[in-house]
Amino acid sequence: MQHLYRPAAFVSGKRGSSSTKMATLAVRRVPLGGFSFENCKRNSVLESEANKVGFSVPTARKTGTTICGVVFKDGVVLGADTRATEGMVVADKNCSKIHYISPNIYCCGAGTAADTEMTTQIISSNLELHSLSTGRLPRVATANRMLKQMLFRYQGYIGAALVLGGVDCNGPHLYSIYPHGSTDKLPYVTMGSGSLAAMAVFEDRYKPDMEEEEAKRLVRDAIAAGIFNDLGSGSNIDLCVITKGNVDYIRPHDEANKKGVRRGELEGVRLTGDYKYKRGTTAVLSKAVNPLDLELLEESVQTMDTS
Amino acid sequence: MLGEAEPQWVSEEVKTGTTIIAIEFDGGVVLGSDSRVSAGASVVNRVMNKLSPLHDKIYCALSGSAADAQTIAEMVNYQLDVHSIEIDEDPQVRSAATLVKNISYKYKEELSAHLIVAGWDRREGGQVFATLSGLLTRQPFAIGGSGSSYVYGFVDAEYRRGMTKEECQKFVVNTLALAMNRDGSSGGVAYMVTIDEHSTEEKVVLGNDLPTFFDQ
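Residues numbered from 1 in each chain as written. Chains lettered and ligands numbered in written order. Predicted model: local features only at pLDDT ≥ 70, side-chain atom pairs only at ≥ 80, totals over all residues. Heavy atoms only, no water.

**Notes on the state of the cysteines**
All names here are of chain A. Rules: The criterion for a disulfide is a pair of cysteine sulfur atoms lying within 2.5 Å. The buried label applies to any residue whose accessible area, calculated with a 1.4 Å probe on protein chains only, is under 20% of its type's maximum; exposed applies above 50%, and partly exposed to all values in between.
Enumeration over the complete set of coordinates arrives at zero disulfides over all chains. We note that Cys107 lacks a disulfide partner, and the nearest cysteine sulfur, in Cys108, lies 6.7 Å from it. Owing to a relative accessible area of 0%, Cys107 belongs among the buried residues under this scheme.

**Structural notes on the UniProt feature "active site" (unreviewed entry) in chain A**
What counts is decided by this rule: UniProt positions are given in the numbering used here, feature names are shortened, and annotations may be inferred rather than shown by experiment.
In the numbering adopted here, UniProt assigns the feature "active site" (unreviewed entry) to Thr65 of chain A. Using a relative accessible area of 0% as the deciding quantity, one classes Thr65 of chain A as buried.

**Looking at the UniProt feature "active site" (unreviewed entry) in chain B**
As a reminder of what qualifies: In DSSP terms, a helix is any run of H or I states spanning at least four residues, a strand is any run of E spanning at least two, and both are numbered starting from the N terminus.
Summarizing the sequence annotation, UniProt attributes the feature "active site" (unreviewed entry) to Thr18 of chain B in the numbering used throughout. Among the structural elements, Thr18 of chain B can be located in the loop between strand 1 (15-16) and strand 2 (20-25).

**A closer look at the packing of aromatic side chains**
Threshold: Note on aromatic contacts: the rings of Phe and Tyr and the six-membered ring of Trp form a pair at centre separations within 6.5 Å, being stacked when their planes are under 30 degrees apart, edge-to-face when over 60 apart, and tilted otherwise. Remark: a charge is flagged as sitting over a ring if the NZ atom of Lys or the CZ atom of Arg is within 6 Å of the ring centre and within 35 degrees of the ring normal.
Considering all chains together, one arrives at eight aromatic pairs over all chains under this definition. Plain terms: the ring middles of Tyr188 of chain A and Tyr206 of chain A are 4.6 Å apart, the flat faces sit at 40° to each other, and that makes the pair tilted. In this pair, Tyr188 of chain A sits in strand 11 (residues 188-191) while Tyr206 of chain A sits in the loop between helix 4 (195-205) and helix 5 (212-229), placing the two residues 18 residues apart along the sequence. Taken together through their ring pairs, the aromatic side chains of Phe141, Phe154, Tyr159 and Phe171 of chain B make up a single cluster. Across from the ring centre of Tyr175 of chain A, 5.6 Å away, lies the NZ or CZ of Lys185 of chain A, which sits over that ring.

**Thoughts on the pattern of salt bridges**
Residue and element names in this part refer to chain B. The line we're drawing: Any Lys or Arg side-chain nitrogen found within 4 Å of a carboxyl oxygen on Asp or Glu counts as a salt bridge.
Within this structure, the stated rule accounts for 17 salt bridges over all chains. Lys165 serves as the salt-bridge partner of Asp196, at 3.6 Å between the closest nitrogen and oxygen. Here Lys165 lies in helix 4 (residues 165-182) and Asp196 lies in strand 12 (residues 190-196), a separation of 31 residues in the sequence. The class for Asp196 is buried, based on a relative accessible area of 10%.

Next comes the structure, spelled out in structure tokens:
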């Protein structure tokens, strides 16, 4: 039998944006906002047809990200979900979307995972050198400038949408940075495909000068809204609380989607995600053993140079 | 199977679909803008101040692509700082407008932003410059952005020469309110900056304080 070797595929796990768009063959009037009920009738017909033949209708798939940040009395709270997707498949069930920039500045990233990862690492490195040069703790505005100037230079081809937050000598700051290089300085921001769901929670319950516990609850609820209401995000909720002189990286803060626990039928013993099956679970129909007659042709010893 | 995997606004460029206006009076200028920033059909910032300082007494109003406009304003801010140190006095409004025009003209094909530059200097007093597509023209007043199309008639009919500062401020607020009502890409609150010899005054007019017209 031929073995077809595939070299390790270099996939960049994507979070947030996928560049595929559906081509329309017939142009109808411009689609309105909100849920489109147009295909419900077609879906029910297809479902009945499929069931007749014995197939089941495919279920909804999730992709995307929800990230957000809020400024409270003593600092900022950043939040993110933890699912990374590669097209239609979850590539990482528990990835970390809150990246380190400097001891007092952290950055959440949505969009292409590789872009957010590398961009934040490059700016983190440059900021450390800058901070050594100035002899001071870096400012959030500096990180913002560096990020926006780099993203603008690449004219949006680096697909990184970031929520940058931190505390410096001028107090707590929060910025949202878009892939084309525009930034907004606001008291609360959300990004990613679940940003609308999260923003709805913020617009309802945000108050200036909140306490830390209240702010953490607000961010947790906003990310949860993104996870549950957006066909976009999933898994756990990570939080990062930054105050003057202290950072709490809480990972995970909330396991909103715990993986189910299976019970083994035969023993009644709890199997936590164990995929080992007892011998005899699958019936063996027939067995054939072909011994391979191999002849030893040559034996040589090559000593390793360990000097 | 390919499908539309994400809402369109996630990958859309962020635009300041906007209404901006600047008007000159004897002794200064008044600038005004709305506060809506959109990405596709979603509003990403409902309180953005599009009146960006280039110098103490020179401001510019941003419209078009948010990234392009912010970048031009920040670059010119830096260039003006250097220029004013070199000449050891406050820069002229014409200089600021020329710097903006130079960038807008040179990168005409790549950028899609329009900045209106307005301010006060000692030599010529209050001045308003439009820099659309890389031209440089001084005007008594200028409007720009997607919402401006709806108010050309209003400004042409209502503008009079020799208005006072208060009349100009009223004119700006009325224009912004009308445009924000009709243009989907403009909205939020109205920001206003009044620059004259003595001071630079920034003001925010919240949504419910905006003037109302017949249909409200």
